[in-house]
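In case you want the letters, here they are:
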Amino acid sequence: MEKRVSRHTLSAYTADLSGFLDFLTGYHGRPPSINDLSEARFMDFRAWLARQAADGLGTASRARALSGVRNFFRWLDRSGRMHNPTIGLMQAPKLPTRLPKPLTEGDAASLLTTAEEWADEAWIGKRDRALFTLLYGCGLRIDEALSLNRSDMPDETLLVTGKGRKQRMIPVLPVVREALESYVAACPYALAADGPLFVGSRGGRLNASIAQKRMRDLRPLMGLPDTATPHALRHSFATHLLADGSDLRAIQDLLGHASLSSTQLYTDLDPEQMLGIYENAHPRARTKKTE
């Protein structure tokens, strides 16, 4: 059974395959035959990708083109027309890591207020404010927050189970506790201890897609970019802590990252801010100030 794809996707793959065959035509000086395809070498595929890059094709477009050609070769193999294992050894161009940009401190604060005020029902507004305050105030992933049960209601600390079932303890600010308590008090559903903390309009566990849609609805009201998502609040948590001089390794523990390099990706500071953090935190820099 063939995959069902949109017309746009089919058109893109057709163009990519045509481009590959046109390249081989120029490469060999004649249209490629089935034998030419079965005998295509690693350097042939590399030369095609290099030509694409030279023609200005972006990384994502080249990765998509390689995927389309690879699928074509797999189809030829499955149908018994030819076999070429070399295509399976080709690695797609590495796509750049794209992370949501953090909000400014002012936008983050305004978002919490707007989320409560622009809701169809008062209790839903309090729920959304509590959820977004938790994401921003504790740096949680959206799935971590929505997997909490009523019995996990935090006091001064919150025990979170993250990726790989790894647990971490996070301090909880009073403003986070107050937002959660306000939501729980207003919620029309009886929140059982072993049931979800955040619930939807029908009382079931709140789905991440609902929270994401709420952010999409709020963005135009506040003039925020498309990068303002629930996950961006986690980035904002890390960036604002680091900007205020917090230790990067401490932030790593709060976020539950296995490596420090992951934590560095979550921060968005300009060189001047980084220099300020260095001067305030580095022992040698502090020594120079007192000399």
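Note that the structure is predicted; figures quoted are calculated from it, not measured.

Looking at the secondary structure, you find Asp-16 in helix α1 (residues 7-28). The residues touching Asp-16, leaving out its near neighbours within four places in the chain, are Trp-48, Arg-64, Ala-65 and Val-69.

In this numbering, the UniProt entry assigns the feature "active site" (unreviewed entry) to Arg-141, Lys-163, His-231, Arg-234, His-257 and Tyr-266. Tracing the backbone shows Lys-163 in the loop between β1 (157-161) and β2 (167-171). Aside from chain neighbours lying at most four places away, what touches Lys-163 is Arg-141 and Glu-144. Among the residues examined, His-231 registers a relative accessible area of 27% and is labelled partly exposed.

What follows concerns the environment of Gly-200. Mapping Gly-200 onto the fold places it in the loop between α8 (174-186) and α9 (208-222). Owing to a relative accessible area of 13%, Gly-200 belongs among the buried residues under this scheme. Distance from Gly-200 to Ile-124, taken between C-alpha atoms, is 8.2 Å for residues 76 residues apart in sequence. Setting aside its immediate chain neighbours within four residues, Gly-200 contacts Trp-123, Arg-127, Tyr-189, Arg-205 and Leu-206.

Let us look at the packing of aromatic side chains. Counted according to the given criterion, the structure contains nine aromatic pairs. Measuring from centroid to centroid gives 4.9 Å for Phe-20 and Trp-48, while their planes differ by 70°, and the two rings are edge-to-face. Highlighted residues: Phe-20 in helix α1 and Trp-48 in helix α3 (residues 42-54), separated in sequence by 28 residues. Judged by its relative accessible area of 1%, Phe-20 falls in the buried class.

Another point: a negative patch on the surface. Taken together, Asp-155, Glu-156, Glu-178 and Glu-181 make up a surface patch of like negative charges. Relative to the helices and strands, Glu-156 resides in the loop between α7 (142-146) and β1.

About the cut-offs
- All chains use their own residue numbering, which begins from 1 and follows the written sequence.
- For a predicted model such as this one, the threshold for reporting local features is a pLDDT of at least 70, and the threshold for listing and counting side-chain atom pairs is 80 or more; totals across whole chains, interfaces and linings nevertheless cover every residue.
- Values shown for side chains rest on all heavy atoms present in the structure; no hydrogens or waters enter the calculation.
- Only DSSP runs of H or I reaching four residues or more are called helices, and only runs of E reaching two or more are called strands; each is numbered from the N terminus.
- A contact between two residues is defined here by any heavy atoms of the two lying within 4.5 Å.
- UniProt positions are given in the numbering used here, feature names are shortened, and annotations may be inferred rather than shown by experiment.
- Whether a residue is buried, partly exposed or exposed follows from its accessible area with a 1.4 Å probe, protein chains only, as a fraction of its type maximum: under 20%, in between, or over 50%, in that order.
- Stacked, tilted and edge-to-face are the three classes applied to pairs of Phe, Tyr and Trp rings, where Trp contributes its six-membered ring and a pair requires centres within 6.5 Å; stacked means planes under 30 degrees apart, edge-to-face means over 60, and tilted covers the rest.
- The patches reported here contain residues having more than 30% relative accessible area and no salt bridge. Joining distances are 9 Å for like charges and 5 Å for nonpolar side chains (Val, Leu, Ile, Met, Phe, Trp, Tyr).
- Note on areas: these come from Shrake-Rupley sampling with a 1.4 Å probe, and a residue is covered only by the protein chains present in the view.
- One speaks of a salt bridge when a side-chain nitrogen belonging to Lys or Arg is within 4 Å of a carboxyl oxygen belonging to Asp or Glu.
- In this tally, Asp and Glu contribute negative charge and Lys and Arg positive charge; neither His nor the terminal groups of the chain are included.
- To locate a charge, take NZ of a lysine, CZ of an arginine, CG of an aspartate or CD of a glutamate.

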